[in-house]
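The lines below spell out each chain.
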Amino acid sequence: MKRPLLSNEVETINNEESEEPDDEETNLIRHHQKLRRSHSVVIPRRRVVVEPIVFLYCTAVIGNLPVSQQYLYSRFGNSSYLKDGVNRCNFSSTNDSTSIAILYMQEHTAKWLQYISLAGSVLSIFVVPFLGSYSDRAGRRIAFIVPSVFTLLKFILNAFVIYFKLPVYVLVLAAGLDGFGGSIAAMFMVAFIYISDITSPMERAIRITILEGLIMFSMAVSQLGLGYWIDASGFLYPYLALIGLLILNLIYIVFFVPETLIVEKNKEARFSMITELKAILSVLKTKENGRRIKIVFLNILIFLVVFTNVSTVNVRLLFLMNIPFCWGPIKLGIFGAIGAVANQVISVISVKIFKFCLSEMWISLIGIFSSMASLLLFSFSEHEWELYLACVIGGMVSAIVAMYRALLSHLVHAHELGAVFALTACVEAICMLIATPVMSEVYEITVSINPGFVFFMNSLILTVAVIFVLVYVCYERRIDRYERREPFHIQS
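Remember, it's a predicted structure, so these values are computed and weren't measured experimentally.

Moving on: the overall build of the protein. Each helix and strand counted, the protein has 17 helices and 2 strands in total. By the burial criterion, 58% of the 492 residues in the protein qualify as buried. The contacts of the protein with a sequence gap of at least 6 include a subset with a gap of at least 24, amounting to 85%. Surface accessibility of the protein: about 21000 Å² in total, with carbon and sulfur atoms responsible for 66%.

Right, let's get into the packing of aromatic side chains. Taken as a whole and judged by the stated rule, the model has 23 aromatic pairs. Ring centres 6.1 Å apart and planes at 50° place the aromatic pair Phe 335 and Phe 378 in the tilted group. Placement of Phe 335 in helix α12 (residues 329-354) and of Phe 378 in helix α13 (residues 360-379) is noted, with a sequence separation of 43 residues between them. In this structure, Phe 335 and Phe 378 share a single accessibility class: buried.

Before going further, it helps to examine the pattern of salt bridges. Across all of its chains, the model carries 11 salt bridges by this definition. A salt bridge links Glu 51 to Arg 207; the shortest N-O distance between them is 3.1 Å. Within this pair, whereas Glu 51 is found in helix α3 (residues 51-75), its partner Arg 207 is found in helix α8 (residues 201-233), the two being separated by 156 residues in sequence. Residue Arg 140 is joined to Asp 136 by a salt bridge in which the shortest nitrogen-to-oxygen separation is 3.0 Å.

Counting residues in each nonpolar core, the largest one holds 144 residues, and the members touching the most others are Phe 144, Met 189, Leu 320, Met 361, Ile 368 and Tyr 404. Setting aside residues up to four positions removed in sequence, Phe 144 forms contacts with Val 50, Ile 53, Met 187, Val 190, Ala 191, Tyr 194 and Ile 253.

On to a nonpolar patch on the surface, then. On the surface, Val 149, Leu 153, Ile 156, Phe 160, Tyr 163 and Phe 164 cluster together into a nonpolar patch covering about 550 Å² of accessible area. Positionally, Leu 153 belongs in helix α5 (residues 141-164). Assessed through its relative accessible area of 38%, Leu 153 is described here as partly exposed.

What counts, and where the lines are drawn
- Residues numbered from 1 in each chain as written.
- Predicted model: local features only at pLDDT ≥ 70, side-chain atom pairs only at ≥ 80, totals over all residues.
- Heavy atoms only, no water.
- Helix = DSSP H or I, 4+ residues; strand = E, 2+ residues; numbered from the N terminus.
- Buried < 20%, exposed > 50% of the residue type's maximum accessible area, 1.4 Å probe, protein only.
- Contact = heavy atoms within 4.5 Å.
- Areas by Shrake-Rupley, 256 points an atom, 1.4 Å probe, with all protein chains shown as cover.
- Phe/Tyr/Trp six-rings, centres within 6.5 Å; stacked < 30°, edge-to-face > 60°.
- Salt bridge = Lys/Arg side-chain N within 4 Å of Asp/Glu carboxyl O.
- Core = buried A, V, L, I, M, F, W, Y, C linked by side-chain atoms within 4.5 Å.
- Patch = residues over 30% accessible without salt bridge, like charges linked within 9 Å, V, L, I, M, F, W, Y side chains within 5 Å.

See below:
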């Protein structure tokens, strides 16, 4: 059985085959040669390595969203409101007791979702950047393990809340425990770093898009299955299944994920907050060819897009459970599954096609317009078919951030990937901290007047993203025109 190639062996192979034309393997070899000399790079022989981690982890974490939201919904009212087939919208006036009860459940669920989101996001902001930078020196596997362990502990605590009917505030404490390990922001960060380690620049955009699409596919699997399960047996058994997925994910990471970045056991690999902070800030020091401004612009765009995505996901279930749709777990699961699959398929196919004639930034602009149209249709929907059409129209949403991640990976050296993705993960964690409380508060205020106003507001936020994209393109053209030299895109 062949063992993985180390960097010194890779260099020998590359010298021997220097006369051969470039292919995918050669690009990978050259990419790894650009890492710092203190590192040895192991090239996994399996192309599919990080995808099972993303699938298992995201299926559990994304599955937690509808379970938690519907569990809170049932805690603040009669659980019969969650059953499909119950005529919850058949009342004569807005003063009807049923209408008042649903409004109470909507407002209190939105409020506690704010608390849970804040508890997890605040701590993750301080953990994620240091974990990403540390992975540049200590390896990638440790950065996979940390969020996996803390998320598992959170889920176990949540299961105790469901089984023993503990106070709702315990869910907030569990979210804080998850945030202490970096939560989902840390997992996404390390996954995209790992992909950047093992891919060539030519294939990186499509691999990142596939990874983003896999996240949506995880949503489809979890929501479709959990909808029927919750309706049939309640909340506990579905939650135990999610815990099983997290345990399986941790086993896979420990025993089956090869380390791409091997560092000698010396002082350099020791964790130091000062060292990690310097590494992150060093990414923004270089001004040549506008690298610093480009990184700042891309992170602002990521913030705006993630803000709308996160706030939409957290409010959408409440919107669909409200009048006039009044959906239960089964319909919510089917809708989530169809939307996720459509998003994955449309995003991957679109990127494959557009890459032949457009740059990453222009592809992201098409994705933004796709998302805006979907949000506008969603906000004014009065019939179920309009909701499903909105999912199809917004099918390119996961390609937007994928393009920005690919551009960021091209702007930095290979040994800076952890630092630049740590910076981006910190931006995403701040976004998650702000998005859910802000939009949940907006929804709580406007739910009795216009429940779809939140989606309309998010479409307006994306118009700001359109402006930033156009400014970025103009700035990049100005750099190319006046500097009279090649861009500072390091083909890592």
